[in-house]
Number of protein chains: 2
Amino acid sequence: MHVTGYVSEAVIKRLPGYYRHLRELESGGIFQISSQELGKRMGLTASQIRQDINSFGGFGRQGCGYSVQELKKHIMSIMGIDKKHRMIIIGAGNIGCAVARYPSFTREGFQTIAIFDKDNAKIGLQVNEITVKALDELDDFVRHNRVDIAVFALPANGAQAMLDQMLSLGIKTIWNFAPIDLKTPKDVVIVNVHLSDSLHILSYKMTHTAHE
Amino acid sequence: MHVTGYVSEAVIKRLPGYYRHLRELESGGIFQISSQELGKRMGLTASQIRQDINSFGGFGRQGCGYSVQELKKHIMSIMGIDKKHRMIIIGAGNIGCAVARYPSFTREGFQTIAIFDKDNAKIGLQVNEITVKALDELDDFVRHNRVDIAVFALPANGAQAMLDQMLSLGIKTIWNFAPIDLKTPKDVVIVNVHLSDSLHILSYKMTHTAHE
């Protein structure tokens, strides 16, 4: 689904939250919600909610609130999570295996189709019914299978070379858990999950909240 | 370490990146760096670098650049990662175990001292030399051990009740992996790692980059 207007980075970052809250509302049997109520749940003002929803295409009728189901469907479509995505995971360590086993990814259409590792001890292991393959098989696998997303669950020092290998294979969407800022061409889509960074921010906030 | 001036949320989010890059520079044998060079590595302008560094206390001498080691030490102190932090992990599933086994956390002073689960099948298992305890033992454990951080690696539906239990035990710093926006009092420090949200943002960006 294409968004016609300009959607700011801040709104993009809020989209998954909208989806989560709407899903919760839906499973709680709530069919309609006002911008006030949705705002209260999400820690936003009613006006921010209306502005956000307007920015991704206009929706809802004044005075009636939003249809939870329709708005959720709309947001799923905007995020492209109404489609299937085929992922490969590079690295069968703790993070790689946790991603492979994360139940909601498969349920939401993010299907892990292969896991690769260079460690002989890991090759052949079963992770969530997928057999870990040798990294040597990567090129061949990608040439014969459609891959939408590569999940980088490998150490920082091998990540940049792995990115170059991905680009040579035509894979341009990377979910990166390696603790490094990868240098990427402009048309590459990369989202980082830097766990150490997150923990350091927690430490910063703890340090400066406790003492002030 | 206290920061005297106001440090914006944007600067706080950049602090771990500074730390990462300075650590890389240090291990690459680089002792001095200019704001230009550091900016180039971090994708920031030299003026942003100078402004950031000024905002956390002033540092470096005009024309000489920054001492990598001193700046790193300074930033570690600001983030409070020059101290030891004692963590407990709630949930011995894939995420909880991945956090317990993440090698750099222990190295950087974030020590997991206990892991709890309510699943009888997991109680007694060894995760990185720590025995998984029953959730029933949580209160007693916290009363007899200093705990700085609770890591929430449990499903969304149990997370709010667990937060209330933490507050009753005096634990006010939460690293939350549960896919839910927890309601917290003002003095609670919480940082979320919402993996699904991150993957959904990747999906959004992929959807809107590939087609435009």
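Here is a short report on the structure shown in this document.

Definitions and limits used
- For every chain, the first residue of the written sequence is number 1, and numbering continues from 1 onward in sequence order.
- Following the order in which they are written, the chains are lettered starting with A and the ligands numbered starting with 1.
- With the structure being a predicted model, the display of local features is reserved for residues of pLDDT at least 70 and the display and counting of side-chain atom pairs for 80 or more, all residues being used for whole-chain, interface and lining totals.
- Side-chain metrics in this entry use all non-hydrogen atoms of the structure; hydrogen atoms and water are not considered.
- Under the DSSP-based scheme used, a helix requires at least four consecutive residues in state H or I and a strand at least two consecutive residues in state E, with every element numbered from the N terminus.
- Any pair of residues with heavy atoms lying within 4.5 Å of one another is described as a contacting pair.
- In this description, accessible areas are obtained by the Shrake-Rupley approach with a 1.4 Å probe, and a residue is regarded as covered only by the protein chains that are shown.
- The charged-residue count follows a simple rule in which Lys and Arg add positive charge and Asp and Glu add negative charge, with His and chain termini not counted at all.
- Here the site of a charge means atom NZ of a Lys, CZ of an Arg, CG of an Asp or CD of a Glu.
- As used in this structure description, the phrase polar contact means that two N or O atoms lie within 3.5 Å; if the pair is within protein, one of them must be able to donate a hydrogen and the other to accept it, and residues adjacent in sequence are counted only when both atoms belong to side chains.
- Strand pairing is assigned whenever DSSP identifies at least 2 bridges connecting the two strands.
- Lines fitted to the C-alpha atoms define the axes, with helices restricted to the stretch that makes contact. Angles between their N-to-C directions range from 0 to 180 degrees.
- Throughout this description, the term salt bridge denotes a Lys or Arg side-chain nitrogen within 4 Å of a carboxyl oxygen of Asp or Glu.
- Only protein chains enter the area calculation, which uses a 1.4 Å probe; residues under 20% of their type maximum are buried, those over 50% are exposed, and those in between are partly exposed.

1. Looking at the overall build of chain A
Secondary structure assignment for chain A yields 9 helices and 9 strands. Partitioning the intrachain contacts of chain A with sequence separation of at least 6 by distance along the chain shows that 57% fall at a separation of at least 24. Accessible surface, chain A: about 10,100 Å² in total, of which carbon and sulfur atoms supply 50%. Between the averaged position of the 24 positive side-chain charges in chain A and that of its 21 negative side-chain charges there is a distance of 6 Å.

2. A word on the side chain of Asn-176 of chain B
All names here are of chain B. Here Asn-176 lies in strand E8 (residues 173-176). Polar side-chain contacts of Asn-176 include one of 2.9 Å to the backbone nitrogen of Ala-178. Residues in contact with Asn-176, not counting those within four places in the same chain, are Phe-152, Leu-182, Ile-190, Val-191, Asn-192, Val-193 and His-194.

3. Observations regarding the sheet that holds strand E5 (residues 126-127) of chain B
Residue and element names in this part refer to chain B. As summarised here, the arrangement of the 7 strands in space is E5-E6-E4-E3-E7-E8-E9, forming an open sheet in which the pairing is mixed. The sheet terminates laterally at E5 and strand E9 (189-192), the two strands that pair on one side only. Of the pairings in the sheet, the one linking strand E3 (residues 85-90) to strand E4 (residues 110-117) comprises 6 bridges and is parallel in character. Across the sheet, the residue bridging to Ile-89 is Ile-115, located in E4. Where helix H5 (residues 94-101) meets the sheet, its contacts fall on E3, E4, E5, strand E7 (149-152) and E8, and the angle it forms with E3 comes to roughly 160°. The strands that helix H8 (residues 156-168) touches are E3, E7 and E8; relative to E7, the one it contacts most, it runs at about 170°.

4. Quick word on the pattern of salt bridges
A side chain of one charge can pair with a side chain of the opposite charge when the charged atoms of the two come close. Residues and elements named next belong to chain A. In the structure shown here, the tally under the stated rule is 22 salt bridges over all chains. Between Glu-24 and Arg-41 there is a salt bridge, and its shortest N-O distance comes to 3.0 Å. One end of the pair, Glu-24, is in helix H1 (residues 9-27); the other, Arg-41, is in helix H2 (residues 35-42), and 17 residues separate them in sequence. Judged by relative accessible area, Glu-24 falls into the partly exposed class, the value being 30%. By relative accessible area, Arg-41 is classed as partly exposed at 35%. A salt bridge links Arg-143 to Asp-139; the nearest nitrogen and oxygen atoms lie 3.9 Å apart. Separated by 4 residues within a single helix, Arg-143 and Asp-139 lie in helix H7 (residues 138-144), roughly one turn from each other.

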